[in-house]
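# Understanding the architecture of this molecule
These are the residues of each chain, in order.
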Amino acid sequence: MAGALGLSLAGPRSYDGVLVPDAVMGDGRREATAADIRGALALYRSADAILIALLASVAGVIIALG
Amino acid sequence: MSVALALVAILIELFLGYPERLLRAIGHPSMWIGHLIDALEHWLNRETARPQARRGAGIVTLLLILGIVGTIAFVLQWGLLRLPLGLLATGLVASTLIAQRSLHRHVAEIATALEGSGVASGRAAVAHIVGRDTAGLDTAGIARAAIESLAENFSDAIVAPVLWMVIGGLPGGALYKAINTADSMIGHRTPRYADFGWAAARLDDLVNLPASRLSALLLVAAAALNADGSAAAAWRAVRRDAARHRSPNAG
């Protein structure tokens, strides 16, 4: 997700007041915006559509063979 | 293999979702699983017990949850598949284990909040879907949290339940949901849960291995549809960074 959007994501985060270290994913912008959220949602819809197409293809093949 | 069931379930969820009225009337299957985990945790997690004993109690709790959820899902599927239009009925039940619509809605609400009313309402919206502290987040921090949560939940709330449904039908999807819900409730590294939740956290990592990798491939393929070179960047980031993240399934 980070690479596709040209962002860098993850990195250190705070949980219940405790800072938890973590590596950064991707090497793009750190300054994400609402437009990046819209871009991520578009990517999500495409990936979901590919998943459904994949399931339909496998189901089709199984029915054709069965 | 239950590819047809998984396909029916994901399509029903895509077009219908889980009705708001049903949610208010009877709750949601993952809430019922949550109540079960909560009850067992209060009963079996003794703060005074030795770490090894607490780890053992956590394993027993997990096995009880899986036994109960698995049995109910198995009997339900067995009965429903004997009805006319049984595949449709089973798919309708299985569709409750997938969350394409609610995930999209929750993340879109964060973008809308940031676009319209600013940082404070963005924080409130993002706090619904992430576990981290949101009080100190700026716009970029809120947007990153939203996108990270979307990527993680694409795997946990869609690809993983669908994949386990393909492998094990309704029981497969329900058992996955039980493990993932248990991890989100007791899989924390806090004093209360570090030992008791150990088994749930390890099993959740394990059952998410295949789906998280398939999710990454699907997102790279989706980026390829954009045809702007972002797919290559996505693939580079997955190859280089995934192993560095705290979770074996992130990236």
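Predicted model only: the values in this text are computed from it and were never measured. (Residues numbered from 1 in each chain as written. Chains lettered and ligands numbered in written order. Predicted model: local features only at pLDDT ≥ 70, side-chain atom pairs only at ≥ 80, totals over all residues. Heavy atoms only, no water.)

Right, let's get into the overall build of chain A. Of the regular secondary structure elements, chain A holds two helices and four strands. In chain A, the succession of α and β elements from N to C terminus is α-β-β-β-β-α. Here the C-alpha coordinates of chain A stretch approximately 55 × 25 × 20 Å along the principal axes. Taking all 66 residues of chain A together, 45% fall into the buried category. In chain A, of all internal contacts separated by at least 6 residues, the share reaching a separation of at least 24 is 21%. Put simply, chain A shows about 3100 Å² of open surface, and 67% of that area lies on carbon and sulfur atoms. If the 5 positive side-chain charges of chain A are averaged to one point and the 6 negative ones to another, these points end up 6 Å apart. (Helix = DSSP H or I, 4+ residues; strand = E, 2+ residues; numbered from the N terminus. Buried < 20%, exposed > 50% of the residue type's maximum accessible area, 1.4 Å probe, protein only. Contact = heavy atoms within 4.5 Å. Areas by Shrake-Rupley, 256 points an atom, 1.4 Å probe, with all protein chains shown as cover. Lys, Arg positive; Asp, Glu negative; His and termini not counted. Charge placed at Lys NZ, Arg CZ, Asp CG, Glu CD.)

Another aspect to go through is helix α6 (residues 100-116) of chain B. The end-to-end C-alpha distance of α6(B), which contains 17 residues, comes to 24 Å, matching closely the 24 Å that a straight helix rising 1.5 Å per residue would cover. Taken together, the buried positions of α6(B) are Q100(B), L103(B), V107(B), A108(B), I110(B), A111(B), A113(B) and L114(B). For α6(B), the elements touching its buried residues are α2 (34-65) of chain A together with α1 (3-16), α7 (119-127) and α8 (139-186) of chain B. One or two steps after α6(B), the chain reaches G118(B), where phi turns positive at roughly 100 degrees. (Expected span 1.5 Å × (residues − 1).)

With that settled, the discussion passes to the interface of chain B and chain A. Between chain B and chain A, the residue contacts involve 51 residues of the former and 46 residues of the latter. Sorting the residues of chain B by area buried against chain A places D133(B), R144(B) and I147(B) first, and these three jointly supply 15% of that buried surface. Counting across the interface, chain B meets chain A through one salt bridge. Summed over the shared surface of chain B and chain A, the result is nine residue pairs in polar contact (both at pLDDT 80 or more). Those elements giving two or more residues to the side of chain B that touches chain A turn out to be α1, α6, α8, α9 (198-226) and α10 (230-241) of chain B. Per-element accounting of the side of chain B that touches chain A gives the leading share, 14 residues, to α8(B). (Buried area = accessible area lost by both parts, 1.4 Å probe. Salt bridge = Lys/Arg side-chain N within 4 Å of Asp/Glu carboxyl O. Polar contact = N/O pair within 3.5 Å; in protein donor to acceptor, adjacent residues only side chain to side chain.)

A few words now on the pattern of salt bridges. Under the definition given, this model contains seven salt bridges over all chains. As a salt-bridge pair, R13(A) and D22(A) come within 3.1 Å of each other at their nearest N and O atoms. Residue R13(A) shares its accessibility class with D22(A), and that shared class is buried. With its nearest N and O atoms 3.0 Å apart, the salt bridge here joins R29(A) to D36(A). On the basis of relative accessibility, which here comes to 41%, the residue R29(A) falls in the partly exposed class. By relative accessible area, D36(A) is classed as buried at 10%. Each member of the salt-bridge network shares a partner with another, and the members are E41(B), E47(B) and R192(B).

Residues and elements named next belong to chain B. Taken together, the side chains of L22, L23, I26, M31 and W32 define a hydrophobic patch exposed on the protein surface, amounting to about 440 Å² of accessible area. Of all the elements in the fold, those that place two or more residues in the nonpolar patch are α2 (20-26) and α3 (29-44). Its location among the elements puts I26 in helix α2. I26 gets classed as partly exposed once you look at its relative accessible area, which sits at 46%. (Patch = residues over 30% accessible without salt bridge, like charges linked within 9 Å, V, L, I, M, F, W, Y side chains within 5 Å.)

Residues and elements named next belong to chain B. Approximately 340 Å³ is the volume found for the second largest pocket. Lining the second largest pocket we find 16 residues, and of these P29, W32, I33, I72 and A174 sit closest to its centre. Elements represented by at least two residues in the lining of the second largest pocket include exactly α3, α4 (51-80) and α8. In terms of residue count, the dominant contributor to the lining of the second largest pocket is α4 (five residues). Considering only residue class, the lining of the second largest pocket consists of 15 nonpolar, one polar and no charged. (1 Å grid on protein atoms, 1.4 Å probe; cavity = no way out; pocket = protein on both sides within 12 Å on 5 of 7 lines; lining within 4 Å. Points joined across faces, edges and corners; volume = space filled by probe spheres on them. Nonpolar A, V, L, I, M, F, W, Y, C, P; charged D, E, K, R; others polar.)

Residues and elements named next belong to chain B. Closest axis-to-axis distance for the α1/helix α5 (residues 86-94) pair is 8 Å, and the angle between their directions is 60 degrees. The orientation of α1 with respect to α5, classified from their angle, is oblique. Judged by the sense of rotation from one axis to the other, the crossing of α1 with α5 is right-handed. For the pair α1 and α5, contact is made by A4, L5, V8, A9 and I12 and by L87, L88, T90, G91, L92 and A94, respectively. Of the residues belonging to the contact of α1 with α5, the class tally is nine nonpolar, two polar and no charged. (Axes fitted to C-alpha atoms, helices over the stretch in contact; angles between N-to-C directions. Parallel < 35°, antiparallel > 145°, perpendicular 65-115°, else oblique. Left-handed = near helix turned anticlockwise from the far one by under 90°.)

What the rule picks out here adds up to one aromatic pair over all chains. Positioned above the aromatic ring of W198(B), the side-chain terminus of R55(B) is 4.3 Å from the ring centre. (Phe/Tyr/Trp six-rings, centres within 6.5 Å; stacked < 30°, edge-to-face > 60°. Lys NZ or Arg CZ within 6 Å of the ring centre and 35° of its normal.)

In short, geometric facts, not functional conclusions.
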